[in-house]
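# Close look at the chain arrangement
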Amino acid sequence: MNVAAFLPDNKAIAGVKVHLNENYNSNKELVSSDKDYSTTGNPFVESPRMACRGVSVDYSAKRAVFNVSLDIARNEVIAMIGPSGCGKSTFLRCLNRMNDTIPGCRVSGSIILDGMDIYDRRVDVVPLRAMVGMVFQKPNPFPKSIYDNIAYGPRIHGLADSRSELDAIVEDSLKKAGLWDEVKDQLDKPGTMLSGGQQQRLCIARTIAVSPEVILMDEPCSALDPIATARVEELIEELRHNYSIVIVTHSMQQAARVSQRTAYFHMGWLVEVGETDQFFTNPRHKLTENYITGRFG
Ligand SMILES: Nc1ncnc2c1ncn2[C@@H]1O[C@H](COP(=O)(O)OP(=O)(O)OP(=O)(O)O)[C@@H](O)[C@H]1O
Ligand SMILES: [Mg+2]
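These notes cover the structure that comes with them. What you are looking at is a predicted structure, and each value in this text was computed from that prediction instead of being measured.

What the chain contains, in helices and strands, is 10 helices and 10 strands. By residue count, 44% of the 297 residues in the chain fall in the buried class. Put simply, of all contacts in the chain between residues at least 6 apart along the chain, 71% involve residues at least 24 apart.

Set out below in structure tokens:
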């Protein structure tokens, strides 16, 4: 999808301010105070796909996310972990403006995707949500055929000029989602008749079909058995070569298996972010250490 298709005048937004997080703490020593919620580790990368700066989220009078600055790199899987209610899903939904659909929810700060602030009033959320697609906890295929589940997005976004082009997008998306061989002879059957693991890969194929740049996944394997989970994890590793993937997971093992960086949230604050290998073996913040050693949450 054309990035500039976001904006009516096809121009990137000029003068978008990128603030650095004043709380950013690059100190390599362990942060021992469990009252210090500033971000430990480097939340920034070279040439990010998305750049979040000072993002806070309020639900009416209650703040759920506090001043989060974080880059999403190209071709990476970044995992978000933390205790229930710490704001992982809320932050994830900021990245494609899904919070817009929640009454009373207000997002502040800036989120830049390829040079454009996605919260600029001129941005159309329909193409935005194609570029930053989302896969949910529970597989949610449309009550349509397998073919139409995939073809729906390309049709509404006008991505195919002919039936053969649409057929090619459907086949390609199902192949990328590792589902083609299992469904190629039953494309006219309802998507809902597939197994849970197949339905989740169908939903991933549906996201891929509209050529996203970023795929958001909120606990995508929590409704799946271990074999279906392993298939989806393999798929995430393959998809990373073409997309940026942000995955919320309750499984630290899953975060360690699939991600290159991990971010730990605590009571709405981004407390630590780092390379996944280092993160689990040598956390820098006391709160992270408590969480990954099972002393909290
Ligand atoms: N629609 C909503 N309206 C009001 N408050 C909400 C809403 N959604 C979430 N919250 C509140 O915001 C905070 C963060 O919730 P969020 O769902 O983002 O946490 P989470 O880390 O994803 O938790 P979990 O691991 O249980 O999914 C919680 O205090 C929650 O009660
Ligand atoms: Mg959640």
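Another point: the packing of helix α3 (residues 146-156) against helix α6 (residues 196-208). Think of two packed helices as two axes; the pair is described by the angle between the axes and how far apart they sit. Packing of α3 against α6 leaves a shortest axis separation of 7 Å and a crossing angle of 30°. Taken together, the axis directions place α3 and α6 in an arrangement best described as roughly parallel. The hand of the α3/α6 crossing is right-handed. On the side of α3, the interface is formed by Ile 146, Asn 149, Ile 150 and Gly 153, while α6 contributes Leu 202, Ala 205 and Arg 206. Residue composition of the contact of α3 with α6, by class: four nonpolar, two polar and one charged.

This paragraph deals with unusual backbone geometry. Glycine aside, the phi torsion of most residues is negative, and most peptide linkages are trans. Unusually for a residue other than glycine, Arg 97 sits at a positive phi of about 60°. Even without glycine at this site, Glu 219 takes up a positive phi of about 45°. Along the polypeptide, Glu 219 turns up in the loop between β7 (214-218) and α7 (226-239). The class for Glu 219 is partly exposed, based on 19 C-beta atoms found within 10 Å.

Within the largest apolar cluster, 76 residues are counted, with the highest numbers of intra-cluster contacts made by Ile 111, Ala 205, Ile 245, Val 246, Ile 247 and Phe 265. Apart from the residues within four sequence positions on either side, Ile 247 is in contact with Val 77, Ala 79, Met 217, Pro 220, Ile 236, Val 258 and Ser 259.

Our focus in this paragraph is the sheet that holds strand β1 (residues 50-59). Taken in spatial order, the four strands line up as β2-β1-β4-β5 in an open sheet, and their pairing is antiparallel. Two strands bound the open sheet, and with one partner strand each, they are β2 (62-72) and β5 (116-117). Pairing of strand β4 (residues 105-113) with β5, which is carried by two bridges, proceeds in the antiparallel orientation. The partner of Ile 112 across the bridge, within β5, is Asp 117.

In this section: the sheet that holds β7. In spatial order, the strands read β6-β7-β8-β3-β9-β10; together these six strands make up an open sheet with mixed pairing. This sheet does not close on itself; its edge strands, each paired only once, are β6 (132-135) and β10 (269-275). Taken pair by pair, the neighbouring strands of this sheet meet at an average axis angle of 20°, ignoring direction. The pairing of strand β3 (residues 77-81) with strand β9 (residues 261-266) spans four bridges and is classified as parallel. If you follow Ala 79 over to β9, its bridge partner there is Thr 262.

On to the packing of α6 against α7, then. Where α6 contacts α7, the two axes come as close as 9 Å, and the packing angle between them is 20°. Relative to α7, α6 is oriented roughly parallel. Where α6 crosses over α7, the two elements pack in a sense that is right-handed. In this structure, α6 uses Gly 196, Gly 197, Gln 200, Arg 201 and Ile 204 to contact α7, whose residues at the interface are Ala 228, Arg 231, Val 232 and Leu 235. Here the residues of the contact of α6 with α7 are counted per class, giving four nonpolar, three polar and two charged.

The rules behind these values
Residues numbered from 1 in each chain as written. Chains lettered and ligands numbered in written order. Predicted model: local features only at pLDDT ≥ 70, side-chain atom pairs only at ≥ 80, totals over all residues. Helix = DSSP H or I, 4+ residues; strand = E, 2+ residues; numbered from the N terminus. Buried ≥ 20, exposed ≤ 12 C-beta atoms within 10 Å, placed from the backbone. Contact = placed C-beta atoms within 7 Å. Axes fitted to C-alpha atoms, helices over the stretch in contact; angles between N-to-C directions. Parallel < 35°, antiparallel > 145°, perpendicular 65-115°, else oblique. Left-handed = near helix turned anticlockwise from the far one by under 90°. Nonpolar A, V, L, I, M, F, W, Y, C, P; charged D, E, K, R; others polar. Core = buried A, V, L, I, M, F, W, Y, C linked by C-beta atoms within 7 Å. Pairing = 2+ DSSP bridges.

These results come straight from atomic positions and should not be treated as a statement about function.
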